[in-house]
Amino acid sequence: MLTESLKRLTPSPRELLLEAAELYDEGENCVLLKAPTGYGKTTLSLAIYDAIRSGWDAGISLIHVLPLRSIGDDLYRKAVTRFYSVEPTGPSYIDIGVQHSYSPGAIALHRRFNITTLDTFILSFFKLPPFVLPKVIKDSSLGQYEVTRGLIYSSFLVFDEVHLYFQTPRSSSVFLSVLGALGKARVPVLMTSATVPADVQSAVISAYGQCRVIDRKPGDAPERHVRVRTIREEDVVREVKEALDSGKSVAVVRNTVKEAVEDFERLRTFAKEAILVHGRLSEEDRLKAIKKVLGGKLRPGTLVVATQVIEAGVDISADLMVTSAAPPESLEQRMGRVARYGGEGEFLVVEPGKSTAPYDRSEVEDGFMQAKAIEEGKQAKFHYPIRGLTPATEVSRFLEMIEENPMASSREVNGLLKEVCSFVREDELVTVYPRELLDSRCERTARGYKCDGLNRLAVPLQRDSIKGDTLNYLVDVGGGEYVVVQDRAPGENRCFFSFHLKVDGKDVQPLGVIVEGYKEGIGLVG
């Protein structure tokens, strides 16, 4: 039945997609699909959704898990426009919803097509669905966790860009724990990526128990010729200007927000249209930027400057890309955004500078040297070294114990979360609200602000970026009113998400922290 849906969506489906569909129709439960960037792997998710709503019994719904919010927003737009022929204006439409920190489109993963992030999925899987987390923290609810868990175990699961789940020891070990539990229950799973190191492939197959691997085949991809060159930092402006002047579209990818903003400021005047995309934009500005770059080949003279948020899964294609040196697997992903649909393009890798943050210097230098070897004709493509996965962490072992104990409740998991702050990140993400946006978009009141759609002003920020012993918190007191409360910062051993304040005699959890330094369209930098 899945094969029929795939052919209904695309009369001549790509060979690897067709092979995967046929395997599932034959009763396979797990497939690792290794297909090149730009191959159209998400078409298979659309086909799975179509098959489920047509009566396929592989699951009552589809849950598509992604490492980045930007990819989820792109997939949501594609799904709604493909099946309902409308441009979505909210986080859900009929039976399709996108769920992440600032998009409540499928709060219990209860839609027929649920698009979510790894953070949200892991919390839901381990008995702490985010929509009830504040009540669980206050011990006023057990979390209604079995509803969401039941939906997960009854669904077809897609883990997209799976290589990105292995960026930290914590995320890799926790994901493998989840995969092991899904394998025991024989929950149907599809994992996709263009860049799967050998150790990651071995680990996911071992965790699930048995999984078929579908690998790329020669000739089954658009005919594209991408020339790789290495350049120095001082050559970047000239290369970008010449390309834009000649009518080419250009993407510049930097490894940090600060570098991306600096490049945007110095290069934007050369372009007919310049777009900046990074993780420190407000939800409103981020969605505007993503909407501008999505939908295929960039228009001539367009410049996109971004961080790693466009590295995987985002559907754009540029004639020229200039990128900071990065690990080889990241360079491979970025190069997939050049001449994505065929033709010719150029991929320029900048020589590493003094800082290689957030990556390890040896991995960045390896990526640059491989780019140089490709440039000189000494090798044909990037190779991904086996780095060795970190053994299971204490977090993953505890979660495995929780999974195996049917009597365990969300309280036990909440206790662990309060200690580690995140199950997938080494540093907690904190929601912040730029004062500049609150002042310009909301009505001032005696105690704070009155505002509709506060989530659109939110920015996720790593905890170590929030400085000060005393902070200004934003607290929801109902009726669209938000009070500003000044109080101490949580201690080093206390998570922001479990921090509570006294407001009007009540114990309340703040929505986030108010910060300063936001420039509209540019974001929060510093």
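You'll find the structure just up there.
Per-chain numbering applies: the sequence of each chain, read as written, is numbered from 1 onward. In keeping with the predicted nature of the model, local features appear solely for residues at pLDDT of at least 70, side-chain atom pairs appear and are counted solely at 80 or more, and the whole-chain, interface and lining totals rest on all residues. Hydrogens and water are ignored here; the side-chain numbers use all heavy atoms of the structure.

> I keep staring at the state of the cysteines and nothing clicks. Help me out?
Covalent bonding between the sulfur atoms of two cysteines is what defines a disulfide. The criterion for a disulfide is a pair of cysteine sulfur atoms lying within 2.5 Å. Scanning all chains against the criterion turns up three disulfides. For Cys30, the disulfide goes to Cys211, at an S-S distance of 2.1 Å. Every disulfide takes its handedness from the sign of the S-S torsion; for Cys30 and Cys211 that torsion is -75 degrees, giving left-handed. Highlighted residues: Cys30 in strand β1 (residues 30-34) and Cys211 in the loop between α9 (198-208) and β9 (212-215), separated in sequence by 181 residues. Take Cys30 and Cys211: they sit in the same class, and that class is buried. Shown here is the disulfide that connects Cys442 with Cys451, its sulfur atoms set 2.2 Å apart. The sign of the S-S torsion, about -50 degrees, decides the handedness of the disulfide formed by Cys442 and Cys451: left-handed. A relative accessible area of 10% places Cys442 in the buried class. By relative accessible area, which is 6% here, Cys451 ends up buried. Working definition: helices are DSSP H or I runs of at least four residues, strands are E runs of at least two. Numbering for both runs from the N terminus. Relative accessibility thresholds used throughout: buried, under 20% of the residue-type maximum; exposed, over 50%; partly exposed, between the two (1.4 Å probe, protein chains only).

> How should the packing of aromatic side chains be read in this particular structure?
Geometry of an aromatic ring pair is reported as the spacing of the ring centres plus the angle between the planes. Pairing of aromatic side chains here covers Phe, Tyr and the six-membered ring of Trp, requires ring centres within 6.5 Å, and sorts the geometry by plane angle: under 30 degrees stacked, over 60 edge-to-face, intermediate tilted. Summed over all chains, the structure comprises 14 aromatic pairs. Both rings, one in Tyr24 and one in Phe156, keep their centres 5.0 Å apart while their planes meet at 70 degrees; by these two values the pair is edge-to-face. Taken as a pair, Tyr24 in helix α2 (residues 15-25) and Phe156 in strand β7 (residues 156-159) lie far apart in primary sequence, 132 residues in all. By relative accessible area, which is 5% here, Tyr24 ends up buried. Each ring, one from Phe121 and one from Phe159, has its centre 5.5 Å from the other, and the planes form 80 degrees; the classification is edge-to-face. With a gap of 38 residues between them, Phe121 in helix α5 (residues 118-125) and Phe159 in strand β7 connect regions that are remote in the sequence. Each member of the pair, Phe121 together with Phe159, is buried. Pairwise contacts between aromatic rings join Phe121, Phe125, Phe126, Tyr153, Phe159, Tyr165, Phe166 and Phe175 into one cluster. Charge-over-ring placement is defined geometrically: NZ (Lys) or CZ (Arg) within 6 Å of the ring centre, and within 35 degrees of the ring normal. Note that Arg14 overlies the ring of Tyr39, its terminal NZ or CZ placed 4.2 Å from the centroid. The ring of Phe83 carries Arg82 above its face, with NZ or CZ at 5.8 Å from the centroid.

> For this particular structure, what's the right way to read the pairing of β1?
In summary, the side chains of a regular strand alternate between the two faces of the sheet. Across the five residues that make up β1, a large majority, five, are buried. Neither face of β1 is left uncovered, since the one carrying Cys30, Leu32 and Lys34 and the one carrying Val31 and Leu33 both have all their residues buried. Sheet analysis places β1 next to strand β8 (residues 189-193), joined by five bridges and oriented parallel. Pairing of Leu32 across the sheet is with Met191, part of β8. Strands pair, by our definition, only if DSSP identifies at least two bridges between them. When β1 meets β9, the two strands line up parallel, connected through four bridges. Its bridge partner lying in β9, Leu33 is registered against Ile214.

> Which parts of the structure should I look at to understand the sheet that holds strand β22 (residues 470-478)?
Strand-to-strand pairing in sheets goes through backbone hydrogen bonds, with the strands running parallel or antiparallel. On the basis of which strands lie adjacent, the open sheet formed by seven strands has the order β19-β20-β23-β22-β26-β18-β21 and mixed pairing. The open sheet has two edge strands, β19 (443-444) and β21 (459-462), and neither has a second partner.

> Got a minute to help me understand helix α13 (residues 328-335) in this structure?
The α-helix advances 3.6 residues per turn, and as a result positions three or four apart in sequence lie on the same side. With respect to burial, α13 is a largely interior element, eight of its eight residues being buried. Of all the residues in α13, the buried ones are Pro328, Glu329, Ser330, Leu331, Glu332, Gln333, Arg334 and Met335. Tucked into the core, α13 has its buried residues touching β8, β10 (224-231), β11 (250-253), β16 (320-324), β17 (343-350) and α14 (361-375). Any pair of residues with heavy atoms lying within 4.5 Å of one another is described as a contacting pair.

> Whenever I open this one, the packing of helix α8 (residues 169-184) against α9 confuses me. Can you help?
The geometry of a pair of packed helices is captured by two quantities: the angle between their axes and the separation between those axes. Running from N to C, α8 and α9 cross one another at 40 degrees; their axes reach a closest spacing of 7 Å. When the interaxial angle is binned, α8 and α9 end up oblique. The segment α8 lies against α9, with Phe175, Leu176, Leu179, Gly180, Leu182 and Gly183 engaging Ala203, Val204, Ala207 and Tyr208. Grouping the constituent residues of the contact of α8 with α9 by class yields eight nonpolar, two polar and no charged. Only the stretch in contact is used when fitting a helix axis, every axis being a line fitted to C-alpha atoms; angles between N-to-C directions are given from 0 to 180 degrees. Reported orientations rely on four angle classes, namely roughly parallel under 35 degrees, roughly antiparallel over 145, roughly perpendicular from 65 to 115, and oblique for the rest. Side-chain classes follow a simple rule in which Ala, Val, Leu, Ile, Met, Phe, Trp, Tyr, Cys and Pro form the nonpolar group, Asp, Glu, Lys and Arg form the charged group, and the remainder, Gly included, forms the polar group.

> Explain the sheet that holds β10 to me, please; I cannot follow it from the model alone.
Ordered by their spatial adjacency, six strands build an open sheet running β10-β17-β16-β11-β14-β12, and the pairing between neighbours is parallel. In this open sheet, the two strands that pair with only one neighbour each are β10 and β12 (273-277). On average, adjacent strands in this sheet sit at an angle of 15 degrees to one another, irrespective of strand direction. Sheet topology note: the β16/β17 ladder contains five bridges and is parallel. In the sheet register, Met321 faces β17, and the bridge partner there is Phe347.

> What's the story with the environment of Ala58 in this structure? I'm lost.
Mapped onto the secondary structure, Ala58 falls in the loop between α3 (42-53) and β2 (62-66). Ala58 sits ten residues away from Ile48 along the chain, and the two C-alpha atoms are 9.0 Å apart. Ignoring anything within four residues of it in the chain, the contact list for Ala58 reads Phe156 and Pro188.

> What is the right way to look at the nonpolar core in this model?
Nonpolar side chains tend to gather and get buried jointly when the protein is soluble and globular. Counting residues in each nonpolar core, the largest one holds 101 residues, and the members touching the most others are Ile48, Phe113, Phe156, Leu190, Phe347 and Leu438. Considering each element in turn, this core owes the most residues, seven residues, to α3. Residues within four places of Phe156 in sequence aside, it is in contact with Tyr24, Ile48, Ile52, Trp56, Ala58, Gly59, Ser61, Leu62, Ile63, Pro188, Val189 and Leu190. In this structure, Leu128, Leu133, Leu182 and Leu399 belong to the second largest nonpolar core, which totals 45 residues. In this description, a nonpolar core means a group of buried Ala, Val, Leu, Ile, Met, Phe, Trp, Tyr and Cys residues linked to one another through side-chain atoms lying within 4.5 Å.

> Before we go on, may I ask you to explain unusual backbone geometry in this structure?
Between Ala357 and the following residue, Pro358, the backbone shows a cis peptide bond with an omega angle of 5 degrees. With respect to the helices and strands, the residue Pro358 is situated in the loop between β17 and α14. Even without being glycine, Ile94 reaches a positive phi, approximately 55 degrees. Counting through the fold element by element, Ile94 comes out in the loop between β3 (92-93) and β4 (96-100). The residue Glu161 is not glycine, and still its phi comes out positive at about 50 degrees. On the secondary structure map, Glu161 appears in the loop between β7 and α8. Residue classification places Glu161 among the buried residues on the basis of a relative accessible area of 4%.

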